[in-house]
Amino acid sequence: LLVVALLCAGVASGDEAPADAKAKERAHVRRALYTLHTYTMRGSAVAVGPKLVATAGHCFYVNTNGGTFFGECALAGVEPDASPLEGHLIFLDSSDADAAFIRTTKHADVWLPMGAAKPGPAYVVASDGCHDIMISPPPSHFFTGWKPFPGSSGSPLIQDGKVVGVVRGTFHHSETGVYSVVKKE
């Protein structure tokens, strides 16, 4: 009877308790999170490849006298032991997609795979912590359960251990968040 109880608890098999596995995954994801500093603003970004970072496109966009500024950026790791990165913009879509990708000059310590978003539970990793959310069914790019704040643009939406989007903002200043797709399937 004791062995059965230990197996159910995962002790004898070496399995982690679900809460421990969730905390471990979220801590790993935070190691891939960066604070983004561009010419125009401060936001968040996530490493999605050894030398590739995803963020929200509007972090690089400013319209001054009809001109647009794109450019260099600095990335500071959210975790104290993360290596800082520098990079330059290689792709920007500040229209409806509002996504941007940055090529970094050196490898990120930790990076996460990208995936396609599905309706259902996910979580956002922002500078103020991890927040459980619900992703709305397509074709919308909405989520509920957490309200983005200034500086959270570019924070990753994580589902099944993959980056499925980045925070874009709120829908008409409501409690509904809007995200940008990073990968289409």
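Keep in mind it's a predicted model, so treat the numbers as computed, not measured.

Details of the sheet that holds strand E14 (residues 177-181)
Thinking step 1. The strand order E9-E10-E11-E14-E13-E12 describes a closed barrel built from six strands, whose pairing is antiparallel. On average, each strand axis in the sheet is tilted by 45° relative to the strand beside it, whichever way the strands run.
Thinking step 2. Alignment of strand E9 (residues 120-126) against strand E10 (residues 129-135), held across seven bridges, turns out to be antiparallel. Residue pairing across strands places glycine 120 opposite isoleucine 135, the latter belonging to E10.
Thinking step 3. The strands that helix H2 (residues 18-30) touches are E9, E10 and strand E12 (156-159); relative to E9, the one it contacts most, it runs at about 45°.

Examining the nonpolar core
As a rule of thumb, soluble globular proteins bury nonpolar side chains together.
Thinking step 1. In terms of nonpolar packing, the biggest core is built from 31 residues, with Leu36, Val46, Phe60 and Leu75 touching the most fellow members.
Thinking step 2. Residues in contact with valine 46, not counting those within four places in the same chain, are Ala32, Leu52, Val53, Ala54, Leu112, Gly154, Pro156, Val163 and Val166.
Thinking step 3. Ala122, Val124, Trp146 and Val164 belong to the second-largest nonpolar core, a separate cluster that totals eleven residues.

Brief notes about the sheet that holds strand E6 (residues 72-77)
Note: strands within a sheet are paired through backbone hydrogen bonds, in either parallel or antiparallel orientation.
Thinking step 1. Taken in spatial order, the six strands close into a barrel running E1-E2-E3-E8-E7-E6, and their pairing is antiparallel. Taken pair by pair, the neighbouring strands of this sheet meet at an average axis angle of 40°, ignoring direction.
Thinking step 2. Bridge count for strand E2 (residues 42-49) against strand E3 (residues 52-56) is three bridges, and the pairing is antiparallel. Paired with valine 46 across the two strands is alanine 54, which belongs to E3.

Some details on the packing of aromatic side chains
Thinking step 1. Inspection of every chain in the model, using the stated rule, returns three aromatic pairs.
Thinking step 2. Plain terms: the ring middles of phenylalanine 91 and phenylalanine 101 are 6.3 Å apart, the flat faces sit at 45° to each other, and that makes the pair tilted. Note that phenylalanine 91 is positioned in strand E7 (residues 85-93) and phenylalanine 101 in strand E8 (residues 99-104), a separation of ten residues in sequence.
Thinking step 3. An angle of 15° between the planes, with centres 6.3 Å apart, marks the rings of phenylalanine 143 and tryptophan 146 as stacked. Residues phenylalanine 143 and tryptophan 146 agree in their burial class; the two are buried.

Topic: the environment of alanine 82
Thinking step 1. Relative to the elements of secondary structure, alanine 82 occurs in the loop between E6 and E7.
Thinking step 2. Overall, the relative accessible area of 11% leaves alanine 82 in the buried class.
Thinking step 3. Setting aside its immediate chain neighbours within four residues, alanine 82 contacts Arg31, Gly77 and Asp109.

A few points about the pattern of salt bridges
Thinking step 1. Here the structure, examined in full by the defined rule, presents six salt bridges.
Thinking step 2. A salt bridge links arginine 26 to aspartate 132; the nearest nitrogen and oxygen atoms lie 2.4 Å apart. Placement of the pair is arginine 26 in helix H2 and aspartate 132 in strand E10, with a sequence separation of 106 residues.
Thinking step 3. Close ionic contact of lysine 118 with aspartate 160 constitutes a salt bridge, the shortest N to O distance being 2.3 Å. Of this pair, lysine 118 sits in the loop between E8 and E9 while aspartate 160 sits in the loop between E12 and strand E13 (162-170), and the two are 42 residues apart along the sequence.
Thinking step 4. Residue lysine 118 is classed as partly exposed on the basis of its relative accessible area of 41%.
Thinking step 5. Owing to a relative accessible area of 60%, aspartate 160 belongs among the exposed residues under this scheme.
Thinking step 6. Linked through salt bridges whose partners overlap, the residues forming this network are Lys22, Arg26 and Asp132.

Calculation rules
Just so you know, the residues in each chain are numbered from 1, in the order the chain's sequence is written. Given that this is a predicted model, residues contribute local features only at a pLDDT of at least 70 and side-chain atom pairs are listed and counted only at 80 or more, while totals for whole chains, interfaces and linings are drawn from all residues. The basis for every side-chain value is the complete set of non-hydrogen atoms in the structure, without hydrogens or water. When DSSP finds at least two bridges between two strands, those strands are taken to pair. By the criteria applied, helices consist of DSSP H or I runs no shorter than four residues and strands consist of E runs no shorter than two, each listed in order from the N terminus. Angles here are taken between N-to-C directions and fall from 0 to 180 degrees, while the axes themselves are lines fitted to C-alpha atoms, restricted in helices to the stretch in contact. The contact criterion used throughout is that any non-hydrogen atoms of two residues lie within 4.5 Å. Residues belong to one nonpolar core when they are buried, are Ala, Val, Leu, Ile, Met, Phe, Trp, Tyr or Cys, and are joined through side-chain atoms within 4.5 Å. For the exposure calls, accessible area comes from a 1.4 Å probe over protein chains only, and a residue counts as buried if that area is under 20% of its type's maximum, exposed if over 50%, partly exposed in between. Aromatic pairs are defined between Phe, Tyr and Trp rings, using the six-membered ring for Trp, whenever the two ring centres lie within 6.5 Å; interplanar angles under 30 degrees are classed as stacked, those over 60 as edge-to-face, and all others as tilted. Throughout this description, the term salt bridge denotes a Lys or Arg side-chain nitrogen within 4 Å of a carboxyl oxygen of Asp or Glu.

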